[in-house]
Amino acid sequence: MILFKKWILRIVAGLGLLVITLLLTAPADLMETQLTSRIQNLQIQGVSGGFWSGQFQQIYFRGISLNQFSWELSLLAMLRGKIGVEASLNDPLFKGAATFEQGFSNTLQLSKVNAHQSVAALASHWLAFRMFRPEGELVWKNVSLELAGKSVEQADGVIQWQNASFNINGEPFSLGTINLSLNADKGDLLLSVSDGQSVLDLQGTLRISGDRKYLLQASLKEDLPTTISNAVRLMARPDGHGRLMFTLPGKF
């Protein structure tokens, strides 16, 4: 009986070693096939490297083009019975790195997200803010998310809009740094927004749901420069306590 168990363990270990060897030697084309078969409308160009560690020169998805996506599978995650990937992207829309880990359930963990994003590049894909010609950079600082399907179970970290500015009727306005602190609330991603009492004294929340809908609820101080005040009052209302309240729903 003991001899039989030893042979079973050897066979399992051998099969595991064979699987790892196949993954280490498999071409990166296999990763491309796996992704494009699972994600509708995903197109990939310029594949190099191997399945375990490789790079896509360009990714096209829903009208968005991204450059230089690299990945490396995690052996440690595999030993824990999970799929783990350390990925990086080198594009104005997202320049940075993140770690993905998924088990046999539908729970996906995203951690160690540190990145920079061009606000102007992002606004080009977001009509609601394109008209204000925003400038600056979004800086992700050790952001982590845990997703179960489309539900956000946990969220942590900070995203800063550094050197934030926008333009109204040809007049630029500097906002300094706007902070967005991440939390999870009832399955949604909830970001607390504040700007450190700049020219707007912005305070509020941005709620993002799994179906890509968002709801920005915020307030500004009522005593604003005339140009800003005229633009804001078209969509805001005084609260009677020196603040202007506004709500902006939409979809990414």
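A brief look at the structure comes next. (Residues numbered from 1 in each chain as written. Predicted model: local features only at pLDDT ≥ 70, side-chain atom pairs only at ≥ 80, totals over all residues. Heavy atoms only, no water.)

## Details of the overall build of the chain
For clarity, the threshold we go by: Under the scheme used here, helices are H or I runs from DSSP no shorter than 4 residues and strands are E runs no shorter than 2 residues, and both carry numbers assigned from the N terminus. Per-residue accessibility, obtained with a 1.4 Å probe over protein chains only, is compared with the maximum for each type, and a residue is labelled buried under 20%, exposed over 50%, and partly exposed between these values. Pairs of residues are marked as contacts when any of their non-hydrogen atoms sit within 4.5 Å. Here the accessible surface of atoms and residues is derived via Shrake-Rupley with a 1.4 Å probe, and residues count as covered only by protein chains that are part of the display.
From N to C terminus, the chain includes six helices and 14 strands. Out of the 252 residues belonging to the chain, those deemed buried represent 33%. Sequence-distant contacts in the chain: of pairs separated by 6 or more residues, those separated by 24 or more amount to 33%. About 15200 Å² of surface is accessible on the chain, with carbon and sulfur atoms providing 58% of the total.

## Quick look at the pairing of strand S14 (residues 243–251)
Rules: For two strands to be treated as a pair, DSSP must find no fewer than two bridges joining them.
Two strands pair when backbone bridges link them, and strand S12 (residues 213–221) and S14 are joined in this way by nine bridges, in the antiparallel orientation. Bridging from a neighbouring strand, Leu215 pairs with Pro249 of S14. In this sheet, S14 lies alongside strand S13 (residues 236–238) in antiparallel orientation, the contact comprising three bridges. Pairing of Arg237 across the sheet is with Met245, part of S14.

## So, the nonpolar core
Going by this rule: In plain words, nonpolar cores are sets of buried Ala, Val, Leu, Ile, Met, Phe, Trp, Tyr and Cys residues tied together by side-chain atoms within 4.5 Å.
Counting 40 residues, the largest nonpolar core has Ile178, Leu182, Leu189, Leu200 and Ile228 as the members making the most contacts within it. Counting residues per element, this core draws most heavily on strand S8 (residues 151–168), at seven residues. Among the nonpolar cores identified, the runner-up in size contains 12 residues, and Ala28, Leu42, Trp52 and Val85 belong to it.

## Topic: the pattern of salt bridges
Stated precisely, the cut-off is as follows: Salt bridges are counted wherever a side-chain nitrogen of Lys or Arg sits within 4 Å of a carboxyl oxygen of Asp or Glu.
Scanning the model with the defined rule gives three salt bridges in all. Its salt-bridge partner being Arg207, residue Asp185 comes within 2.7 Å of it at the nearest N-O pair. Of this pair, Asp185 sits in strand S9 (residues 171–185) while Arg207 sits in strand S11 (residues 203–208), placing them 22 residues apart in sequence. In this structure, the salt-bridge partner of Arg207 is Asp188, at a minimum N-O distance of 3.2 Å. In this pair, Arg207 is assigned in strand S11 and Asp188 in strand S10 (residues 188–194), connecting sequence segments 19 residues apart.

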